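# Breakdown of the fold
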Amino acid sequence: MRIGIVGAGILGLAVARQMARAGAEVTVLEKEPRIAAHQTGHNSGVVHAGIYYQPGSLKATLCREGAAMLREYCAEHGLPYDEAGKLVVASTRAELSGLRRIAERARENGVPGIAELDAIGLREVEPRAVGVAAVHSPHTAITDFPAVARRLAADVTEAGGFVRLSRPVRAIRQTTDGVAVAAGPERLTFDRLISCAGLGTDGVADLARAGGDVRIVPFRGEYYRLAGPARGLVRGLIYPVPDPRYPFLGVHLTRRIDGEVLVGPNAVPALALEGYSWRSASLRDLRRIVAWPGARRMAAEHWRTGLREVYGSLAKRAFVAAARRYVPELAPADLVRAGGGVRAQAVARDGRLLDDFVIDVRGRIVLVRNAPSPAATSSLAIARHIALTVPLTF
Ligand SMILES: Cc1cc2nc3c(=O)[nH]c(=O)nc-3n(C[C@H](O)[C@H](O)[C@H](O)COP(=O)(O)OP(=O)(O)OC[C@H]3O[C@@H](n4cnc5c(N)ncnc54)[C@H](O)[C@@H]3O)c2cc1C
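Here we summarise the structure given alongside this text. Please read these numbers as outputs of a predicted model, since none were measured by experiment.

## As for the overall build of the chain
Scanning the chain from terminus to terminus reveals ten helices and 21 strands. A globule of 394 residues ought to have a C-alpha radius of gyration of about 21 Å, and the chain, at 21 Å, matches this closely. Overall, the chain is about 65 × 45 × 40 Å in size when its C-alpha atoms are taken along their principal axes. Burial status across the chain gives 54% buried among its 394 residues. As presented, the chain carries roughly 16900 Å² of accessible surface, and 53% of it is formed by carbon and sulfur atoms. Here the chain carries 53 positive and 38 negative side-chain charges, and the mean point of each set is 5 Å from the other.

## Structural notes on the site of the ligand
The environment of the ligand is made up of 39 residues, and the closest members are Glu 30, Thr 40, Val 46, Ala 371 and Thr 377. A distance of 2.6 Å is found between an oxygen atom of the ligand and a side-chain nitrogen or oxygen belonging to Glu 30. Between a nitrogen atom of the ligand and a main-chain N or O atom of Ser 44, the distance comes to 3.3 Å. For the ligand, whose unbound accessible area comes to 1000 Å², protein coverage reaches 96%. Elements with a minimum of two residues in the shell around the ligand: helix H1 (10-21), strand E19 (335-348) and helix H10 (375-389).

## Brief notes about the packing of aromatic side chains
Within this structure, the stated rule accounts for two aromatic pairs. Ring plane angle 85 degrees and centroid distance 6.4 Å describe the contact between Tyr 52 and Tyr 53, whose orientation is recorded as edge-to-face. Across this residue pair, the class does not change: Tyr 52 and Tyr 53 are buried. Lying over the aromatic face of Tyr 239, Lys 86 brings its terminal NZ or CZ to 3.8 Å of the ring centre. If you follow Arg 220 out to its NZ or CZ, it ends over the ring of Trp 278, 4.6 Å from the centre.

## Looking at the packing of helix H2 (residues 58-77) against helix H5 (residues 145-158)
Helix packing geometry: the angle between the two helix axes and the distance between the axes. Where H2 meets H5, the closest approach of the two axes is 11 Å, and the angle between their N-to-C directions is 75 degrees. Judged by the angle between their axes, H2 and H5 are roughly perpendicular. Residues Leu 70, Tyr 73, Cys 74 and His 77 of H2 form the contact with H5, whose own contacting residues are Phe 145, Val 148, Arg 151, Leu 152 and Asp 155. Looking at the contact of H2 with H5 residue by residue, the classes come out as six nonpolar, one polar and two charged.

## Focus on helix H8 (residues 293-314)
For H8, with 22 residues, the first-to-last C-alpha span of 28 Å runs short of the 32 Å given by 1.5 Å per residue. Of all the bends found along H8, the most pronounced is centred on His 302 and spans about 75 degrees. Taken together, the buried positions of H8 are occupied by Pro 293, Gly 294, Ala 295, Met 298, Thr 305, Glu 309, Gly 312 and Ser 313. In this structure, the buried residues of H8 make contact with strand E14 (214-226), strand E18 (268-269), helix H7 (283-291), helix H9 (316-324) and E19.

## Structural notes on unusual backbone geometry
Cis geometry is found at the peptide bond from Gly 264 to Pro 265, where omega equals 0 degrees. Relative to the assigned elements, Pro 265 resides in the loop between strand E17 (261-264) and E18. Pro 374 follows Ser 373 through a cis peptide bond whose omega is 10 degrees. Note that Pro 374 resides in the loop between strand E21 (365-370) and H10. The residue Ser 166 is not glycine, and still its phi comes out positive at about 50 degrees. Looking at the element boundaries, Ser 166 is found in the loop between strand E9 (162-164) and strand E10 (169-175). Taking the relative accessible area as the measure of exposure, Ser 166 reaches 37% and is therefore partly exposed.

## A few points about the sheet that holds strand E13 (residues 192-195)
If you trace the six strands from one edge of the open sheet to the other, you get E9-E2-E1-E13-E21-E20, paired in mixed fashion. The open sheet has two edge strands with one neighbour each: E9 and strand E20 (358-362). Within the sheet, the average angular offset between the axes of one strand and its neighbour, ignoring direction, is 20 degrees. Bridge count for strand E1 (residues 2-6) against E13 is four bridges, and the pairing is parallel. Looking at the pairing, Ile 3 lines up with Arg 192 of E13.

## Concerning the pattern of salt bridges
Following the criterion strictly, the structure yields 23 salt bridges and no others. Residue Arg 71 pairs with Glu 83 through a salt bridge whose shortest N-O separation is 3.1 Å. Note that Arg 71 is positioned in helix H2 and Glu 83 in the loop between strand E4 (81-82) and strand E5 (86-90), a separation of twelve residues in sequence. A relative accessible area of 46% means that Arg 71 is categorised as partly exposed. Between Arg 164 and Glu 186 there is a salt bridge, with its nearest N and O atoms 2.7 Å apart. With Arg 164 in strand E9 and Glu 186 in strand E12 (residues 186-190), this pair connects stretches of sequence that are 22 residues apart. By relative accessible area, Glu 186 is classed as buried at 17%. Beyond isolated ion pairs, a larger network of salt bridges with shared partners links Arg 17, Arg 151, Asp 155 and Glu 158.

The rules behind these values
- Residues numbered from 1 in each chain as written.
- Predicted model: local features only at pLDDT ≥ 70, side-chain atom pairs only at ≥ 80, totals over all residues.
- Heavy atoms only, no water.
- Helix = DSSP H or I, 4+ residues; strand = E, 2+ residues; numbered from the N terminus.
- Rg over C-alpha atoms; globule rule 2.2 N^0.38 Å.
- Buried < 20%, exposed > 50% of the residue type's maximum accessible area, 1.4 Å probe, protein only.
- Areas by Shrake-Rupley, 256 points an atom, 1.4 Å probe, with all protein chains shown as cover.
- Lys, Arg positive; Asp, Glu negative; His and termini not counted.
- Charge placed at Lys NZ, Arg CZ, Asp CG, Glu CD.
- Near = heavy atom within 4 Å.
- Polar contact = N/O pair within 3.5 Å; in protein donor to acceptor, adjacent residues only side chain to side chain.
- Phe/Tyr/Trp six-rings, centres within 6.5 Å; stacked < 30°, edge-to-face > 60°.
- Lys NZ or Arg CZ within 6 Å of the ring centre and 35° of its normal.
- Axes fitted to C-alpha atoms, helices over the stretch in contact; angles between N-to-C directions.
- Parallel < 35°, antiparallel > 145°, perpendicular 65-115°, else oblique.
- Contact = heavy atoms within 4.5 Å.
- Nonpolar A, V, L, I, M, F, W, Y, C, P; charged D, E, K, R; others polar.
- Expected span 1.5 Å × (residues − 1).
- Bend = angle between axes of the 7 residues up to and from the residue.
- Pairing = 2+ DSSP bridges.
- Salt bridge = Lys/Arg side-chain N within 4 Å of Asp/Glu carboxyl O.

Below, the structure is given as structure tokens:
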């Protein structure tokens, strides 16, 4: 069985490792000259415990399994993994019912060690944070996802597979006995092709003539970091109570494995699939995004929230105010801009943001069509899920 995999992010590499270990001849094709160049290398580094997700969804199941697998993998390979713990903080009494729902859902999802804390209890965990109550998830962890991706790539090559960089996939043809792929200067034939292309998902789907009812809409997440001694104000991870309509919104504070503390990310529309700043825009990408009815419907429905996020992106004041709600000692000078990442978020034709992971099988081609957060946490479990559920032989 020859398996081609598009994308050397954490997901493509986890899938490649899974398949190589099962005896397949695996080739990963990556358009960039390095691995983890996009989402895998531009995220918060949080190993989520699986608190929020709809019970029974792929996200709920694969996040919990993936976190456990990742913990073991990091221990086995000497990779950084620190159970820094996460507090979800209600800063007003009005948020208490939302907080209670979070605790219930975490228990439904079997998240270990969940504790409900009052204002005093939360300060025992995060002495400089304030709030009326909190939910504590002590096993939420932080890691270095690019380092994990590099180790997965090493596993693939050690198992006899190939990770080919600077190989943009630019043609795909499915025949009765294989999938012919042009990647950079190479022509290759596989029995199966698995796409884990993140922001490039629609490009690969178009090459494979696998249209569908979802399209990727890029949302940039921008960060600040805490400068100098202000880093000492945060021990682990501090999150707001999420708005169920926009679960990925809400500035939070996240300790990173290298000791930095990130503030963010927000979520603003990116002006290109790989639009890492307001200056990086692509007319071609924008045309494709605007042409998708789902993107227009989403914009029509959520423009107020969108504008609020854009304001937060342009005005540091708004970011500082959001962070000070949880750690009031923070001053504007403590926050320094720190880049960001672009989320590959699938949006349905009716304007719905797809919540769950989506895996689409078209003959010999498997397309991962939606793998937003917590897909880095879940990567090893998603890889196992694909190997177990997708028919890999004919
Ligand atoms: C701001 C932000 C914060 C996040 N925080 C977290 C977090 O704390 N915890 C967590 O679990 N998840 C988090 N996520 C989500 C997580 O980063 C992603 O779910 C995960 O990295 C997806 O991995 P991937 O391999 O699918 O995608 P990617 O890492 O984006 O990899 C896709 C690869 O495909 C390549 N590619 C695309 N098109 C082609 C082509 N035609 N030919 C060849 N190669 C191609 C790209 O170059 C890229 O390297 C966050 C994401 C963002 C953006």
